[in-house]
Amino acid sequence: MKTTILGIGSLLLCSNVMAATVFHVGKLIDGISDGPRAKMTVVVEEGRIVKVAPGYLKTSDGDTLVNLKDKTLLPGFIDMHVHLAYTPSRQSYMEPFTLDPTDHALRGALFAKQTLEAGFTTVRDLGDAGNSVIALRNAIDKGYLPGPRIFAAGTALATTGGHADPTNGRNQALRQDPGPKQGVINNPEDAFKAVRQRYKDGSDVIKLTATGGVLSVAKSGDNPQFRDEELKAVVAAAKDYGFKVAVHAHGKEGMRRAIEAGVNSIEHGTYMDDALYPLMKQHGTWYVPTLTAGAYVAEMAAIEGFYPEVVRPKAARIGPKIINTFGKAYAAGVPIAFGTDAGVFPHGDNAREFALMVKAGMPEMEAIKSATVNAATLLGAEDQLGSISEGRYADMVVVEGDPLENIAVLEQPFQVYKGGSVVYQF
Ligand SMILES: [Zn+2]
């Protein structure tokens, strides 16, 4: 047995090569089962879960025993909607003029660490500046930096003047006419070029903005911004390259077009209604609600000068609506995957989403599953991530107390493991 310990700042990475780590777990919430299981053993070897068994199994020579008999063990959480390149501040609207992609990537390293330490061992990053999060993902994968596993979109796709057109709100000299490379498309041919460019750039998923958005410097927060043929072209191109398509949408018409075009998830979904819930179910489209961001922007809209004047009324109007939509969508049986839009609010607060979901009527176990098996399924990685079961990465969160009694205990992990190594200890 060889044990290596690397100190990276306050972070301790331990890797036990060729020996098992045996966890005696008082309460196991495995991310898949409908109920918790008491007195369980979880065995981890070389970063993977190799055994989950009832009772407290004996250890063999050389094994490391971790006593969690008075704790709850859960799978590492998955946040399906973050922006590691961004953080909210009064200066954020100046950043396109002052920061380079390298600045975004290096600052994102801090946010990645904060996210991981909050128990989020995997995230889907839905839009950055200049592919900065693709570089961040690569650095984390190589072990240069601590952070979650990242499924990165790179730069998002929009139409001219749409939410995520990178030059919205600038003066004439700076507005220019960005195209597919920068993420702006205006016909099916552009759509193919943009998706192929993202394949070349190293994206894992395609993000597009089917309607107006809250934080863009533009008037409408919810109008449709893609035509059917453009959406269908993005989906067709994405299929060619094995990408899933995640769609930002607030307004109904843009959402309807996106669902019917066959996209994989609707993000935010603010004005989703009785006509759209069945359509979501029929097409197997996932809903990623981002309640924390909705609550945060509504709160910040009340502060004079925090957002530009064109943004402020949109934030005040759209932000508070999402939680009601979420409650109705859940009751209607729409499949839900956990996502927060962290970056719109400070990174590391991602777990606040759980309490908001429960407040809106989702049972605690369902909220947990939305961040484990459901999210992993939407990623297409349920055989690798999102549950404490054999063959999965040993990405795990330990909490004190019972999240099924008080969901807020998930906001302060006792320990976080990624690939079997401790990456955070309270
Ligand atoms: Zn977002």
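Since the structure is predicted, the reported quantities are computational estimates derived from the model, not experimental observations.

1. Re the domain arrangement of the protein chain
Okay, so step 1: Partitioning the protein chain into structural domains gives domain 1 (2–76 + 388–425) and domain 2 (77–379).
Okay, so step 2: Between the C-alpha centres of domain 1 and domain 2 there is a distance of 30 Å.
Okay, so step 3: In this complex, domain 1 contributes 27 residues to the contact, which on the side of domain 2 involves 26 residues.
Okay, so step 4: Buried surface at the junction of domain 1 and domain 2, summed over both partners, amounts to about 2200 Å²; 67% is from carbon and sulfur atoms.

2. A short note on the pattern of salt bridges
Think of it this way: side chains of opposite charge can pair up when their charged atoms draw near.
Okay, so step 1: All told, the structure shown has 18 salt bridges when counted by the stated rule.
Okay, so step 2: With its nearest N and O atoms 3.2 Å apart, the salt bridge here joins Asp273 to Lys252. With Asp273 in the loop between β12 (265–268) and α8 (276–283) and Lys252 in helix α7 (residues 252–261), this residue pair connects regions lying 21 residues apart in the sequence.
Okay, so step 3: Among the residues examined, Lys252 registers a relative accessible area of 42% and is labelled partly exposed.

3. A look at the coordination of the zinc ion
Okay, so step 1: At this site the zinc ion is bound by His81 (NE2), His83 (NE2) and Asp341 (OD), with donor distances of 2.1 to 2.2 Å.
Okay, so step 2: Here the donor residues of the zinc ion are spaced in sequence according to H-x1-H-x257-D.
Okay, so step 3: Its relative accessible area of 0% is what places His81 among the buried residues.
Okay, so step 4: Residue class for His83 comes out buried when judged on its relative accessible area of 11%.

4. Here we look at the side chain of Gln225
Okay, so step 1: On the secondary structure map, Gln225 appears in the loop between β10 (206–209) and α6 (228–240).
Okay, so step 2: Relative accessible area serves as the criterion here: at 14%, Gln225 is assigned to the buried category.
Okay, so step 3: Reaching out from Gln225, the side chain makes a polar contact with the backbone nitrogen of His163 at a distance of 2.9 Å.
Okay, so step 4: Within the local environment of Gln225, its side chain forms a polar contact with the side chain of Asn223, the two groups lying 3.0 Å apart.
Okay, so step 5: Setting aside chain neighbours within four positions, we find Gln225 in contact with Thr159, Gly162, His163, Thr209, Ala210, Thr211 and Gly212.

5. Let's talk about a nonpolar patch on the surface
Okay, so step 1: A surface patch of nonpolar side chains, about 290 Å² in accessible area, is lined by Met94, Phe97 and Leu174.
Okay, so step 2: Its location among the elements puts Met94 in the loop between β7 (77–82) and α1 (95–98).
Okay, so step 3: On the basis of relative accessible area, Met94 is assigned to the partly exposed category, the value being 47%.

6. Here we look at helix α9 (residues 291–301)
Okay, so step 1: A large share of α9 lies buried, amounting to eight of its 11 residues.
Okay, so step 2: Looking only at α9, the buried set comprises Leu291, Thr292, Ala293, Gly294, Tyr296, Val297, Met300 and Ala301.

7. Topic: the sheet that holds strand β11 (residues 245–249)
Okay, so step 1: Reading across the sheet, the four strands line up as β10-β11-β12-β13 and stay open at both edges, with parallel pairing between neighbours. Unpaired on one side and paired on the other, β10 and β13 (286–288) mark the two borders of the sheet. If you compare each strand with its neighbour and ignore which way they point, the axes differ by 25 degrees on average.
Okay, so step 2: Judged from the four bridges that link them, β11 and β12 form a sheet pairing that is parallel. Residue His248 lies in a different strand from β12, and its bridge partner there is Glu267.
Okay, so step 3: Contacts between α6 and the sheet are confined to β10 and β11, with β10 contributing the most and set at about 175 degrees to the helix.

8. Some points on the side chain of Thr372
Okay, so step 1: Note on placement: Thr372 falls in the loop between α13 (364–370) and α14 (373–379).
Okay, so step 2: Judged by relative accessible area, which is 0%, Thr372 ranks as buried.

9. Looking at the packing of aromatic side chains
Okay, so step 1: Applying the stated criterion across every chain, the model contains seven aromatic pairs.
Okay, so step 2: On the numbers, 5.1 Å between centres and 65 degrees between planes, the contact of Phe77 with Phe354 is edge-to-face. Remark: Phe354 occurs in helix α12 (residues 352–359) and Phe77 occurs in strand β7; sequence separation between them is 277 residues. Note on accessibility: Phe77 and Phe354 belong to one class, buried.
Okay, so step 3: We note Lys71 situated over the ring of Phe414; from NZ or CZ to the ring centre the distance is 4.5 Å.

10. What to know about the sheet that holds strand β9 (residues 149–152)
Okay, so step 1: Judged by pairing direction, the sheet is parallel, and its three strands sit side by side in the order β7-β8-β9 without closing on themselves. Only two strands of the sheet have a single neighbouring strand rather than two, namely β7 and β9. The mean angle between the axes of side-by-side strands here comes to 15 degrees, regardless of whether they run parallel or antiparallel.
Okay, so step 2: Both strand β8 (residues 120–125) and β9 contribute to a ladder of four bridges, which runs parallel. For Thr122, the partnering residue across the bridge sits in β9 and is Arg149.
Okay, so step 3: Of the strands in this sheet, β8 and β9 touch helix α3 (residues 132–141), which is tilted by about 150 degrees from β9.

Quick notes on the rules
- Residues numbered from 1 in each chain as written.
- Predicted model: local features only at pLDDT ≥ 70, side-chain atom pairs only at ≥ 80, totals over all residues.
- Heavy atoms only, no water.
- Domains from an automatic or database assignment.
- Contact = heavy atoms within 4.5 Å.
- Buried area = accessible area lost by both parts, 1.4 Å probe.
- Salt bridge = Lys/Arg side-chain N within 4 Å of Asp/Glu carboxyl O.
- Helix = DSSP H or I, 4+ residues; strand = E, 2+ residues; numbered from the N terminus.
- Buried < 20%, exposed > 50% of the residue type's maximum accessible area, 1.4 Å probe, protein only.
- Donors = N, O, S within 2.8 Å, 3.2 Å for Na, K, Ca; no water.
- Polar contact = N/O pair within 3.5 Å; in protein donor to acceptor, adjacent residues only side chain to side chain.
- Patch = residues over 30% accessible without salt bridge, like charges linked within 9 Å, V, L, I, M, F, W, Y side chains within 5 Å.
- Areas by Shrake-Rupley, 256 points an atom, 1.4 Å probe, with all protein chains shown as cover.
- Pairing = 2+ DSSP bridges.
- Axes fitted to C-alpha atoms, helices over the stretch in contact; angles between N-to-C directions.
- Phe/Tyr/Trp six-rings, centres within 6.5 Å; stacked < 30°, edge-to-face > 60°.
- Lys NZ or Arg CZ within 6 Å of the ring centre and 35° of its normal.

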